[in-house]
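Structural characterization, general
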Amino acid sequence: MRSRRMRKLFACLLILSMNAYAVDPTHSESLRGYTAVHSAAEVQWEQKFRAIPEPDRIRENMRRLSARPHHVGSPYDKDNAEWLLAQLKSYGLDAKIEQFEALFPTPKSRKLELLGSAKFTAKLEEPALAVDPTSGQRDEQLPTYNAYSRDGDVTAPLVYVNYGAPSDYEQLDAMGVSVKGAIVIARYGETWRGIKPKVAAEHGAVGCIIYSDPKDDGYARGDSYPDGPMRPAEGAQRGSVMDMPVYPGDPQTPGVGAKPGVKLIPLDQVQTITKIPVLPISYADAQPFLKSLEGQTVPENWRGGLPFTYKTGPSKAQAHLAVAFNWDRKPLYDVIATIPGATFPDEWVIRGNHHDAWVNGAEDPLSGTSPELEEARALGELLKQGWKPARTVIYCFWDGEEPALLGSTEWAEYHADELKQHAVAYFNSDGNGRGFFHAGGSHSLENFINSVAKDVDDPETKMSVWKRARLAARLHGTPESRAEAKSRPDSRISALGSGSDYTVFIDHLGVPSANLGYGGEDEGGGQYHSVYDDFYYYTHFQDTEFVYERALAQTAGTMMMRMADADVLPYQFTDQADTIHTYVTEVKKLADTMRTQIKDRNADLADGVYKAATDPKKTSVPPPVDVVPPYFNFAPLDQASDDLTAAAADYEKAFTAHAENADPKVNALLIATEHALTDPAGLPNRPWFENMIYAPGFFTGYGVKTLPAVRESIEQKQWTAVDPQISRTAAAIEREVDKLKAATTALNGE
Ligand SMILES: [Zn+2]
């Protein structure tokens, strides 16, 4: 589902800081985890592989898959799954469809009106455009709506809440504006959309409208579609608002693979459906509602791009929002192709990208799906030439990602026991575009991802995609990240939150995972989840030559091969230890910063600062006096971080000395390392999330929280929870240390 590609990318690039003067990436040395002989053979096979993917074939994949709307449960979704299956078989691969089912609500009725003298009824329609041949496939298009909004019919005044983040409500509190009993109008952006109704409901709102402001993805950023790539006046963003930070996947079967006939939680007991009705609208529809707002003028950073004064509300006129849905269970068609491993068949390297879309979905997801299919074809060609992967290679084309990561989550929950034992890595992609390479994921894969990125050519500048991203990173970022871009041998990869199909692998199962893509040079995101994200749009405004599409196939395919063929799994732990150390430093600093801020603010309140500094003729409410946080015992976390640093260094020494003659049994020990970072009791209030290092934020949705149990206890001021969560997190890291020591012992032949 991947939101707001460009902005996210720049965030990644800041982190992906890199070194221009690092060692020249040629293969005078063996690939990590390979004997000299195997390395030489692997390099040749990989070069052959990268020569195979063709931009024109990727373009044709996209044309075929995007020809009609293909959301979950639609005829063309199934048709696409069957076509993917036939393609994979024609490449000589052993492929099948694994079917699951999940709750997927679709609109029965939608109504939004402004009552009173300026009565207005929202159109709630994206018009067909003459130049765009698939934009008019009305009969098969899902209307604009937010999936997993509850049914509801509410009439109330409106309040504008900016992006609808928790901090926006603090601002409203300070201005003396309450949303209790109101319908909130929030703009898309900043927070994941599902956070907006969740936080609104917590503050007592009865309904939620989310609109696309032209400042965020419309005319303020570029020409509007079809003249340019940005969202037009009547374009709207569909999308899920399920409370996925609690658990993704089928809402009625958390933790269990939803094969037909599985026991279901009754609908009225599902925790992840919104508490209030929600509806997304275009800015053409939003304008009369925004104009009806009275009250105070909003702060500067709350202003959007529309030509009138933005006010907080409440409105005198009432708004009427009514939505009802068909609460049906729909089939999911995951397409799975397997190439059995010749040497280590019980070790699995997994690749995935979803195939379902909100509508035609050329960019999201087919710009990732189409290269993935080309990758599979290229591997089929290599098999014919005699390549045999050492490990089992599994290519997955997921259904139902858009509603709630349904297809990947149900598949991985169904196969959970096998995956915990056998999965060595999961490589994900989703929408893809022109520009810089970026990667996020498990930091045990950081060195590996760097090594592959050095071997892929940037199609436009001809330098390696690694070098290009690394040099480009020096123009952005903090002084520290720019300094790192010159001196740290490996470029840092970002941490993963949620937002695509890697979630179940990394967060629930503890499988080392990465998310890969290109972007930053096209204005991505303008037609995100709209009827206009289609073949015409992609071929006019995105990677029109399909060369970054080829680069994605080359990158991800090389990763699959290199991970599959290694004698010893090429995980590397010194980068991981270094990154975890930075997270420990961050949470300690967070606690100190919050303590100082709260102390300062309490002093300001006592001294009358707020009263003095605010306009007595305007409403303003000072913040409440807060409890000053106690000092926490971070020692277990410091100890665990140090232990991991030492164990990683010892492992690296043993690896350098003995990997060439390693007993293959060391691989089984290595598979257990990342899994050790999970805790079956999970995170506070959301046990499905078991990874103690990475999680999507409870109040950010897509955005990652590292060391989440500790960090969120501090952020949410759960002061008594902090020390116990420090201990649990430290224990998870110590479990990894033990596994790593066992692998080191095995390498040393002791
Ligand atoms: Zn997607």
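Let me sum up the structure you'll find in this document. Remember, predicted model here, so these are calculated numbers, not experimental data.

This part is about the overall build of the chain. Along its length, the chain carries 24 helices and 18 strands. By the compact-globule yardstick of 27 Å for 750 residues, the chain fits well, its C-alpha radius of gyration being 26 Å. Each of the three principal axes of the chain carries a C-alpha extent, and together these read 80 × 65 × 55 Å. Each of the 750 residues in the chain was classed as buried or not, and the buried ones make up 61%. Residue pairs at least 24 apart in sequence account for 81% of intrachain contacts in the chain once pairs closer than 6 positions are excluded. Carbon together with sulfur atoms contributes 52% to the accessible area of the chain, which is approximately 26500 Å² in total. Seen as two clouds, the 78 positive and the 103 negative side-chain charges of the chain have centres 4 Å apart.

Below, the discussion takes up the sheet that holds strand β2 (residues 106–114). Judged by pairing direction, the sheet is mixed, and its 7 strands sit side by side in the order β3-β2-β10-β5-β6-β7-β9 without closing on themselves. Either end of the sheet is taken by a strand with one partner, and the two such strands are β3 (120–121) and β9 (278–281). Here 4 bridges tie strand β7 (residues 207–211) to β9, and the two strands are oriented parallel to one another. Bridging from a neighbouring strand, C208 pairs with V278 of β9.

Moving on to the nonpolar core. For soluble globular proteins, the rule of thumb is that nonpolar side chains tend to be buried together. Of all hydrophobic cores here, the largest spans 206 residues; its most connected members are L88, I185, Y211, F427, F505, M563 and L637. Residue contacts for L637: discarding those within four places in its chain leaves V584, V587, L707, V710, I726, T729, A730 and I733.

What the 7 strands build is an open sheet, ordered β1-β11-β13-β12-β14-β16-β15; its pairing is mixed. A strand with exactly one partner marks an edge of an open sheet, and here the two such strands are β1 (94–103) and β15 (435–441). Here the strands of the sheet are splayed against their neighbours by 20 degrees on average, with no regard to which way each runs. Here strand β14 (residues 423–428) runs beside strand β16 (residues 513–520); their pairing, made up of 3 bridges, is parallel. Note that in β16 the partner of N428 across the bridge is N515. Against the sheet, helix α9 (residues 362–385) engages β11 (329–339), β12 (344–354) and β13 (391–398), with an angle of about 145 degrees to β12.

Counted residue by residue, β11 has 8 buried out of 11 residues, so it is predominantly covered. Pairing between β1 and β11: 10 bridges, direction antiparallel. Bridge pairing in β11 places K96 opposite I336. Pairing geometry for β11 and β13, over 5 bridges, is antiparallel. By the bridge assignment for β13, T338 is matched with I394.

In this section: empty space enclosed by the protein. Applying the stated criterion across every chain yields a total of 5 cavities of 30 Å³ or more. By volume, the largest cavity amounts to about 60 Å³. Lining the largest cavity are K123, L124, E125, E126, T144, E234, A236, P280, I281, S282, A284 and D285. Secondary-structure elements contributing two or more residues to the lining of the largest cavity are β9 and α8 (283–291).

In this section: the packing of aromatic side chains. How two aromatic rings sit relative to each other is set out by the distance from centre to centre and by the angle between their planes. Counted by the stated rule, this structure contains 30 aromatic pairs. Where W398 meets F505, the ring centres are 6.1 Å apart and the plane angle is 40 degrees; that geometry is what we call tilted. In this pair, W398 is assigned in strand β13 and F505 in helix α16 (residues 503–509), connecting sequence segments 107 residues apart. For W398, a relative accessible area of 0% translates into the label buried. One aromatic cluster in this structure is built from F104, Y145, F325, W327 and W358.

Glancing now at the pattern of salt bridges. Inspection of every chain in the model, using the stated rule, returns 43 salt bridges. Note that E113 is salt-bridged to K119, the shortest N-O span being 3.0 Å. Its relative accessible area of 9% is what places E113 among the buried residues. When salt bridges with common partners are traced through the structure, they connect E446, E484, R488, R492, D575 and D578 into a single cluster.

Right, let's get into the packing of helix α3 (residues 55–65) against α9. For the pair α3 and α9, the least separation of the axes is 9 Å and the interaxial angle reads 130 degrees. As the angle between them shows, α3 and α9 are arranged oblique. In this structure, the crossing between α3 and α9 has a hand that is right-handed. Between α3, through R57, I58, N61, M62 and L65, and α9, the contact on the second element is made entirely by A362, L366, S367, T369, S370, P371, L373, E374 and R377. When the residues that make up the contact of α3 with α9 are grouped by side-chain class, the tally is 7 nonpolar, 4 polar and 3 charged.

This part covers the environment of V710. On the secondary structure map, V710 appears in helix α23 (residues 708–715). For V710, a relative accessible area of 0% translates into the label buried. Put simply, V710 and L406 are 304 residues apart on the chain and 28 Å apart in space, counted from C-alpha to C-alpha. Among residues more than four places away in sequence, those in contact with V710 are V587, F634, L637, Q725, I726 and T729.

This brings us to the environment of E652. Among the secondary structure elements, E652 is positioned in helix α21 (residues 635–658). For the pair E652 and A485, spaced 167 residues apart in sequence, the C-alpha to C-alpha distance is 23 Å. With residues up to four places along the chain from it excluded, the contact list for E652 reads R32, Q572 and T574.

Along helix α5 (residues 166–174), the positions that sit buried rather than exposed are D168, Y169 and L172. Each buried residue of α5 lies within a common arc of 100 degrees when the element is viewed along its axis, so the set occupies one face. Among the structural elements, β5 (152–160), β6 (183–187) and α6 (195–202) are those in contact with the buried residues of α5. One or two positions beyond α5, positive phi appears at G176, with a value near 75 degrees.

Taking 1.5 Å per residue, 15 residues should reach 21 Å; helix α2 (residues 36–50) reaches 21 Å between its end C-alpha atoms and fits that length. Taken together, the buried positions of α2 are occupied by S39, E42, V43, W45, E46, F49 and R50. Elements in contact with the buried residues of α2: α9 and α18 (547–565).

Take T272: it is sitting in the loop between β8 (239–240) and β9. T272 gets classed as buried once you look at its relative accessible area, which sits at 0%. For T272, the residues in contact, after removing those within four places along its chain, are M242, D243, V246, Y247 and P251.

Bringing unusual backbone geometry into the picture now. Glycine aside, a negative phi is what most residues show, and trans is what most peptide bonds show. A cis amide bond links Y225 with the next residue in sequence, P226, at an omega value of 10 degrees. Mapped onto the elements, P226 comes out in the loop between α7 (214–217) and β8. Along the chain, D364 connects to P365 via a cis peptide bond; the corresponding omega equals 15 degrees. Among the secondary structure elements, P365 is positioned in helix α9. Positive phi is not limited to glycine here, since N162 has a value of about 55 degrees. Among the structural elements, N162 can be located in the loop between β5 and α5. The phi dihedral of H529 is positive, around 60 degrees, even though this residue is not glycine. Mapped onto the elements, H529 comes out in the loop between β16 and α17 (535–541). Note on H529: relative accessible area 4%, which makes it buried.

Criteria and thresholds
- Residues numbered from 1 in each chain as written.
- Predicted model: local features only at pLDDT ≥ 70, side-chain atom pairs only at ≥ 80, totals over all residues.
- Heavy atoms only, no water.
- Helix = DSSP H or I, 4+ residues; strand = E, 2+ residues; numbered from the N terminus.
- Rg over C-alpha atoms; globule rule 2.2 N^0.38 Å.
- Buried < 20%, exposed > 50% of the residue type's maximum accessible area, 1.4 Å probe, protein only.
- Contact = heavy atoms within 4.5 Å.
- Areas by Shrake-Rupley, 256 points an atom, 1.4 Å probe, with all protein chains shown as cover.
- Lys, Arg positive; Asp, Glu negative; His and termini not counted.
- Charge placed at Lys NZ, Arg CZ, Asp CG, Glu CD.
- Pairing = 2+ DSSP bridges.
- Core = buried A, V, L, I, M, F, W, Y, C linked by side-chain atoms within 4.5 Å.
- Axes fitted to C-alpha atoms, helices over the stretch in contact; angles between N-to-C directions.
- 1 Å grid on protein atoms, 1.4 Å probe; cavity = no way out; pocket = protein on both sides within 12 Å on 5 of 7 lines; lining within 4 Å.
- Points joined across faces, edges and corners; volume = space filled by probe spheres on them.
- Phe/Tyr/Trp six-rings, centres within 6.5 Å; stacked < 30°, edge-to-face > 60°.
- Salt bridge = Lys/Arg side-chain N within 4 Å of Asp/Glu carboxyl O.
- Parallel < 35°, antiparallel > 145°, perpendicular 65-115°, else oblique.
- Left-handed = near helix turned anticlockwise from the far one by under 90°.
- Nonpolar A, V, L, I, M, F, W, Y, C, P; charged D, E, K, R; others polar.
- Arc of directions from axis to C-beta.
- Expected span 1.5 Å × (residues − 1).

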